[in-house]
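Summary of the model geometry
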Amino acid sequence: MRILHTADWHLGRTLEGRSRLPEQEQFIDELVDIVEKEKIDVVLMAGDVFDSVNPPAAAEQLFYESLARLSDKGKRPVAVIAGNHDHPERISAAAKLVADYGILLLGWPDTTVYRIEVPALDETMMLAPLPYPSESRLAELLSKEHSEISLRDRYDERIRHLFATMAASFSEKTVNVAMSHIYVAGGSTSDSERPIEVGGAYTVSAASLPKQAQYVALGHLHRPQDVKRAETAARYSGSPLAYSFSEAGYAKSVTIIDVKPGEKAAVSEIPLSSGKPLVKWQATEGIAQVYRWCEEGKDRSAWIDLEIHLSQPLSMEEIYRLRKLHSGFVHIRPVFPEKEEHIESSKREQLSLEEMFRRFYERQTGGKADDELVRLFLELVAEQEEEGEAEE
Ligand SMILES: [Mn+2]
């Protein structure tokens, strides 16, 4: 049986307000292509379908279209679990509608093991899925179960217990696979994951993954990676696109698993080329260097985090020209190496926002800012700060 494992799509995610949906559509096209070319029997999606519990409708549309295309009218089973970014009920909302097409949409953690048939091969997969087990969802599940494991036990022990319970349904005649969205100890993180836990209490040890499974498909970490020290093949497929500048330079991929009942799984990686790369530019020679890079066509289709060494702040015209030369600048961060040596930073911090605005205005326009304008500016800033607080 040939399985494709993917995760962390984060449909609807933006990059500092810039839509990434066109790139995500490109990824879905690429994924459907791979699934067809590689003759994939079963598709597993290990959580974080959406970036938020309340994604834009266009992201939901892309998700449902991807299911239709991957499943090919029910010929290819697809299983999806909720991640820590997903709302469990939103993931499973259409579960009944798509069940007849062999599509599993699982929102809440449960101990049900699913039998997935691949008639062409006369093979069966036993899938033990554990959608994102938050503390409260685990508590609910364990209280339903009346098991010997109690809420006082460590998170890691409770996860181990759930996997062990499910692994009891595995058999030697079936392909046995577990799937979850958890943080397994020792994994390499990036800035775009949003920690599952505070203080490490939600870390699951590699030894707690079910060794009776021939493969454990994981979601959460955005860099593709094997789980070290696991007693079976266990892997994070990673996200299909780079979602933070800390992922700059990491290749993205999906994972392919070839496995037969009773045999060791063969795991391989297929690289993805969709989406724009996220790159960092450090222009130590100033703005002329950036103009030159843009004219040379450097990283033409990338999102760019630009750090630029300057002796004077950028003027509006310069910022405008930069943005016109390359539409991919996400951050433009000036650094003033000379000034940093001369001015103690404490002096700069003492300037009030009003004073900084007045100076900025003067520099940009050559004239003095009138009081009414300053008042409006300060009001806008105050409003922004209030909004910011409400969002968190
Ligand atoms: Mn994620």
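Residues numbered from 1 in each chain as written. Predicted model: local features only at pLDDT ≥ 70, side-chain atom pairs only at ≥ 80, totals over all residues. Heavy atoms only, no water.

1. Some details on the coordination of the manganese ion
For a metal with four tetrahedral donors the ideal donor-metal-donor angle is 109.5 degrees, whereas six octahedral donors ideally subtend 90 or 180 degrees. The protein atoms donating to the manganese ion are D8 (OD), H10 (NE2), D48 (OD) and H222 (NE2), with metal-donor distances spanning 2.0 to 2.5 Å. Read in sequence order, the donor residues coordinating the manganese ion give the pattern D-x1-H-x37-D-x173-H. Highlighted residues: D48 in the loop between β4 (42-45) and α2 (57-71) and H222 in the loop between β12 (215-219) and β13 (225-226), separated in sequence by 174 residues. Each member of the pair, D48 as well as H222, carries the same accessibility label: buried. (Donors = N, O, S within 2.8 Å, 3.2 Å for Na, K, Ca; no water. Helix = DSSP H or I, 4+ residues; strand = E, 2+ residues; numbered from the N terminus. Buried < 20%, exposed > 50% of the residue type's maximum accessible area, 1.4 Å probe, protein only.)

2. Focus: the pairing of strand β19 (residues 329-335)
Pairing of strand β18 (residues 303-309) with β19 involves six bridges; the strand directions are parallel. The partner of L306 across the bridge, within β19, is I332. Of the crossover connections in this fold, the one passing from β18 over helix α8 (residues 316-325) to the parallel β19 is right-handed. (Pairing = 2+ DSSP bridges. Right-handed = clockwise from strand over helix to strand, strands pointing away.)

3. Brief notes about the layout of surface pockets
Reported here for the second largest pocket is a volume of approximately 170 Å³. Considering the residues around the second largest pocket, the lining is formed by 16 residues, among which A242, Y250, K252, K276 and P277 are closest to the centre. The residue inventory of the lining of the second largest pocket, partitioned by class, reads nine nonpolar, four polar and three charged. (1 Å grid on protein atoms, 1.4 Å probe; cavity = no way out; pocket = protein on both sides within 12 Å on 5 of 7 lines; lining within 4 Å. Points joined across faces, edges and corners; volume = space filled by probe spheres on them. Nonpolar A, V, L, I, M, F, W, Y, C, P; charged D, E, K, R; others polar.)

4. Here's the deal with unusual backbone geometry
Notably, D8 is not glycine yet its phi reads approximately 55°, a positive angle. Positionally, D8 belongs in the loop between β1 (2-6) and β2 (14-15). Relative accessible area serves as the criterion here: at 0%, D8 is assigned to the buried category. Residues other than glycine seldom take positive phi values, yet D299 does so here, at roughly 45°.

5. A word on the sheet that holds β18
With parallel pairing, three strands are arranged side by side in an open sheet as β17-β18-β19. Both edges of this open sheet fall to β17 (278-283) and β19, since each of them pairs with a single strand only. Mean inter-strand twist for the sheet, computed between neighbouring axes without regard to direction, equals 15°. Here six bridges tie β17 to β18, and the two strands are oriented parallel to one another. (Axes fitted to C-alpha atoms, helices over the stretch in contact; angles between N-to-C directions.)

6. What about the sheet that holds strand β7 (residues 114-118)?
With respect to topology, six strands assemble into an open sheet ordered β7-β8-β9-β12-β14-β13, the strand pairing being mixed. At either end of the open sheet lies a strand with only one pairing partner, and these are β7 and β13. For β13 and strand β14 (residues 233-236), the ladder comprises two bridges, and the chain directions are antiparallel. Along β14, the bridge assignment pairs D226 with R235. Across the face of the sheet, helix α6 (residues 155-167) comes into contact with β8 (123-130) and β9 (175-181) while running at roughly 160° to β8. (Contact = heavy atoms within 4.5 Å.)

7. Some words on the domain arrangement of the protein
Domain assignment breaks the protein into domain 1 (2-271), domain 2 (278-338) and domain 3 (351-391). Computed over C-alpha atoms, the centres of domain 1 and domain 2 are 39 Å apart. If you look at the interface, domain 1 gives twelve residues, while domain 2 gives ten residues. The junction of domain 1 with domain 2 conceals about 870 Å² of combined surface from both sides, 70% of it contributed by carbon and sulfur atoms. Broken down residue by residue, the surface that domain 1 buries against domain 2 is led by L15, R18 and F245, which jointly contribute 64%. The interface formed by domain 1 and domain 2 includes zero salt bridges. Linking domain 1 with domain 2 are three residue pairs in polar contact (both at pLDDT 80 or more). Within the side of domain 1 that touches domain 2, the residues separate by chemical class into five nonpolar, three polar and four charged. (Domains from an automatic or database assignment. Buried area = accessible area lost by both parts, 1.4 Å probe. Salt bridge = Lys/Arg side-chain N within 4 Å of Asp/Glu carboxyl O. Polar contact = N/O pair within 3.5 Å; in protein donor to acceptor, adjacent residues only side chain to side chain.)

8. Brief notes about the pattern of salt bridges
For the coordinates displayed, the defined rule picks out 26 salt bridges. A salt bridge links R2 to D258, with the shortest nitrogen-to-oxygen separation between them at 2.8 Å. Placement of the pair is R2 in strand β1 and D258 in strand β15 (residues 253-258), with a sequence separation of 256 residues. Relative accessible area serves as the criterion here: at 29%, D258 is assigned to the partly exposed category. A salt bridge links R292 to E285; the nearest nitrogen and oxygen atoms lie 3.6 Å apart. According to the relative accessible area criterion, R292 is partly exposed, its value standing at 39%. A relative accessible area of 56% places E285 in the exposed class. Via salt bridges that share partners, R154, D156, E157 and R160 belong to a single interconnected network.

9. Here we look at the environment of H326
Its place among the elements puts H326 in the loop between α8 and β19. For H326, a relative accessible area of 7% puts it in the buried group. Distance in space between the C-alpha atoms of H326 and R300 is 7.3 Å, their sequence separation being 26 residues. With residues near it in sequence (within four places) discarded, H326 still touches W281, C294, K298, D299, R300, A302 and I304. Among the polar contacts made by the side chain of H326, one reaches the main-chain carbonyl oxygen of R300 at a distance of 3.4 Å.

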